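Summary of structural features
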Amino acid sequence: MTDYVQPLKDMLFNIHELSALDRVLQLERFADFDKDVVDQVVEEAGKFAAEVLSPLNIPGDEIGCKVVDNGVVAPPGFAEAYGQFVENGWQSLEVSPEFDGMGMPGGAGAAAGEAWQSANMSFMLAPMLTNGAMYAIDAHGSDEIRSTYIPKMANGAWTGTMNLTESQAGSDLSVVTTRAVPEGDHYRISGSKIFITWGDQDFSENIIHLVLARLPDAPDGVRGISLFIVPKFLLNDDGSAGERNDVYTPSIEHKLGVHGSATCVMSFGENDGAIGYLLGEENKGLAGMFTMMNHARLGVGLQGVAISDRAYQLARSHALDRKQGGAPGEKGSVTIIHHPDVRRMLLVMKSQIEAMRAAAYYTAGQQDLAMYSDNDEERAAALSRVALLTPVIKTWPTELAQEITSLGVQIHGGMGFVEETGAAQHMRDARILPIYEGTTGIQALDFVGRKIMADEGKAMGDLIADIRSLDLGLAVDERTAEIRVALIDGVDQMGSATTWLIEQGPLDPNTAGSASVNLLMLAGIVVGGWQMARAALAIVNGASSDDPSFAEAKLQTVRFYAQHIMPRARGLADAAMAGAETVMGMPEESF
Ligand SMILES: Cc1cc2nc3c(=O)[nH]c(=O)nc-3n(C[C@H](O)[C@H](O)[C@H](O)COP(=O)(O)OP(=O)(O)OC[C@H]3O[C@@H](n4cnc5c(N)ncnc54)[C@H](O)[C@@H]3O)c2cc1C
């Protein structure tokens, strides 16, 4: 069993070289920081991950949560770890100084988040959702609401949850039926939600539920959905947590993975009706929830990177330790890392993890520019880039986490299939990632519809132009020659598929839906390849020259990605451009 080891060098390399840190640190919002502070914070976050969160990962999986008297009891050690997490100020890492937060750059937040998620994804779901809830309250709440809730959530005294799903309303939120009836300055909420992550626990003083519900006279569909703040404990006049609100957790789900987190059935208003407060405007609740979801989507993408890296660490240790078979030039039994196929599997894992990490940290840097740049043009360009990449970063790493955690099991052989190595837990935990926060299918529809076709490929065209602009740099040094060729081919595929979609998509209503996931994965591979090529270029230009073994390994990893992963782009483009005929032509009875 391997403890969590933070990939600190690669994290810092990505933050420094690929997340626009130099530019971000020039912005007024980040005036108090320099690179050394960023590095120290990331390293400290890694220590917390390794020393406090990682030891609780397997016990959390084995023991899980339980419901006692309509309330959830978290696995042993979680409450103490949460106490330490908030005492260290980690919950406020990226929160604005306006609310006493640290206000660190997104690259640092991404690296810290990756370390914590890698160490214990179940635990980290609570802080991740609290962050998303804070963003939604900040973006849509009045000054009074913001000052009432955000400081206590930022310091971790209170957590936040996201209550969207009902049994008949999963991907399709237009059919939400939870009711909200106006009563004076508040509303009475009644209804039942399912699958609510950390909907209850015993480690924070209060829980702030954000709940989608419908007013009695609301129009049908998504135009009739409103968003409410429903605290577990109502607030006293001095803002402290007081009387219990009418919201309970009668049961939790038995599930495939993330056993350490509670997935709750939530019952609102079984007695008098839970008291809730409107967030934003009546009937415009989905916009508020999207603020939360977009934040959480990038966070879930990072979970994909994190769980993949944890699986890789375990597989690497096993490959360096397990002896089996012989190898040319070696006497007797050799460790399995001698075998070409084991090396191939490890490199498929490593190279894709580094590509995903690079793309996620790049996007976090763009997010900072989108929110805080003082230059209108820069802000608009970054905003457009983040919007385009959000479904890609949610989906591509979480889908790859299936391949990577499965390879982690494979490298362990039979020992991977039994629970005691821990490889199986990573595979089970990873399985939720392409499902929650919008399934892969739903993200892909957003990508082809709102992000490509709606602006006739403008944002995608800007991305393609940026990728192509790297060509000149890659052409200069022979060490990047084959990376250059692979990137040109990948971006050509992405360009052709985008043009095809814009021409063919409007002609048949099923075309975009049939091509969508292939297009999204194609974009992920090429964006990952682009970031890997940027990494290679940075190395060739002298980055990490004080650490030649890291620099050499990075170049070799990028070359592997160019040779083994980039060719997948061509297959995905071909499949996407095959159109809808074979997908839709099969009669239902033939399935
Ligand atoms: C462990 C766990 C934690 C969760 N945490 C939360 C939480 O904190 N808060 C919360 O509100 N919810 C939460 N969820 C719910 C989660 O977000 C939903 O399960 C998810 O959105 C999918 O909805 P569904 O399960 O109803 O599947 P469905 O919507 O029934 O989808 C089934 C399949 O059909 C596909 N599909 C559906 N509609 C379309 C379409 N229009 N086009 C193409 N394909 C489509 C989907 O991609 C999927 O493959 C959680 C779920 C789990 C299991």
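Every chain's residues receive numbers from 1 upward, in the order its sequence appears when written. The model is predicted, so local features are restricted to residues of pLDDT at least 70 and side-chain atom pairs to those at 80 or more, both for listing and for counting; the totals for chains, interfaces and linings are taken over all residues. The basis for the side-chain values is all heavy atoms of the structure; hydrogens and waters are excluded.

**Some words on the site of the ligand**
Worth spelling out the cut-off: Proximity criterion: a residue is near a molecule or strand once any of its heavy atoms comes within 4 Å of it. Within 3.5 Å is the distance limit for a polar contact, defined as a pair of N or O atoms, with the added protein rule that one can donate a hydrogen and the other accept it, and that residues adjacent in sequence qualify only through two side-chain atoms. Strands here are runs of E lasting at least two residues and helices are runs of H or I lasting at least four, both read from the DSSP assignment and numbered beginning at the N terminus. Side-chain classes are defined by residue name, with Ala, Val, Leu, Ile, Met, Phe, Trp, Tyr, Cys and Pro counting as nonpolar, Asp, Glu, Lys and Arg as charged, and the others, Gly among them, as polar.
Neighbouring the ligand are 17 residues, the closest being Met162, Thr165, Ser171, Phe195 and Thr439. Separating a nitrogen atom of the ligand from a backbone N or O atom of Met162 is a distance of 2.7 Å. Counting only elements with at least two residues in the shell around the ligand, the list comes to strand E3 (158-163), strand E5 (186-197) and helix H14 (440-453). Examining the composition of the shell around the ligand, we find that 3 residues originate from one element, E5, more than from any other. By residue class, the composition of the shell around the ligand is 9 nonpolar, 7 polar and 1 charged.

**With respect to the environment of Val558**
Going by this rule: Note on classification: 1.4 Å probe, protein chains only; a residue is buried when its accessible area is under 20% of the maximum for its type, exposed when over 50%, partly exposed between these limits. Here, two residues are considered to be in contact whenever any of their heavy atoms come within 4.5 Å of each other.
Relative to the helices and strands, Val558 is located in helix H19 (residues 548-565). On the basis of relative accessible area, Val558 is assigned to the buried category, the value being 2%. Linking Val558 and Lys350, residues 208 residues apart in sequence, is a C-alpha distance of 10.0 Å. Residues in contact with Val558, not counting those within four places in the same chain, are Ile483, Met532, Ala533 and Ala536.

**Digging into the packing of helix H10 (residues 340-372) against helix H18 (residues 511-540)**
For clarity, the threshold we go by: Throughout, an axis means a line fitted to C-alpha atoms (over the contacting stretch in the case of helices), and angles, computed between N-to-C directions, take values from 0 to 180 degrees. Working rule for angles: under 35 degrees goes down as roughly parallel, over 145 as roughly antiparallel, 65 to 115 as roughly perpendicular, anything else as oblique.
At a minimum axis separation of 8 Å, H10 and H18 run at an interaxial angle of 90 degrees. One way to sum up the angle between H10 and H18 is to call them roughly perpendicular. In this structure, H10 contributes Ser351, Glu354, Ala355, Ala358, Ala359 and Tyr362 to the contact, and H18 contributes Val527, Gly528, Trp530, Gln531, Met532 and Arg534. In terms of residue class, the contact of H10 with H18 is built from 7 nonpolar, 3 polar and 2 charged.

**Comments concerning the nonpolar core**
Heads up, the condition is: Residues enter a nonpolar core if they are buried and are Ala, Val, Leu, Ile, Met, Phe, Trp, Tyr or Cys, with the set joined through side-chain atoms within 4.5 Å.
Residues Trp116, Met349 and Trp396 are the most contacted members of the largest nonpolar core, which totals 158 residues. Tallying contributions element by element places H18 first for this core, with 19 residues. For Trp116, the contacting residues outside a window of four places in its chain are Ala45, Phe48, Ala49, Leu53, Phe85, Trp90, Leu93 and Met124.

**Looking at the side chain of Gln91**
Of note, Gln91 is situated in the loop between helix H5 (78-87) and helix H6 (106-119). Since its relative accessible area comes to 3%, Gln91 is described here as buried.

**Some points on helix H15 (residues 458-468)**
Applicable threshold: What the arc measures is the spread of directions leading from the helix axis to the C-beta atoms.
Buried within H15 are the following residues: Ala459, Met460, Leu463, Ile464 and Ile467. Here the buried residues of H15 occupy an arc of 140 degrees about the axis, which is enough to place them on one side. The elements touched by buried residues of H15 are helix H11 (376-411), H14, helix H16 (471-476), helix H17 (481-504) and H18.

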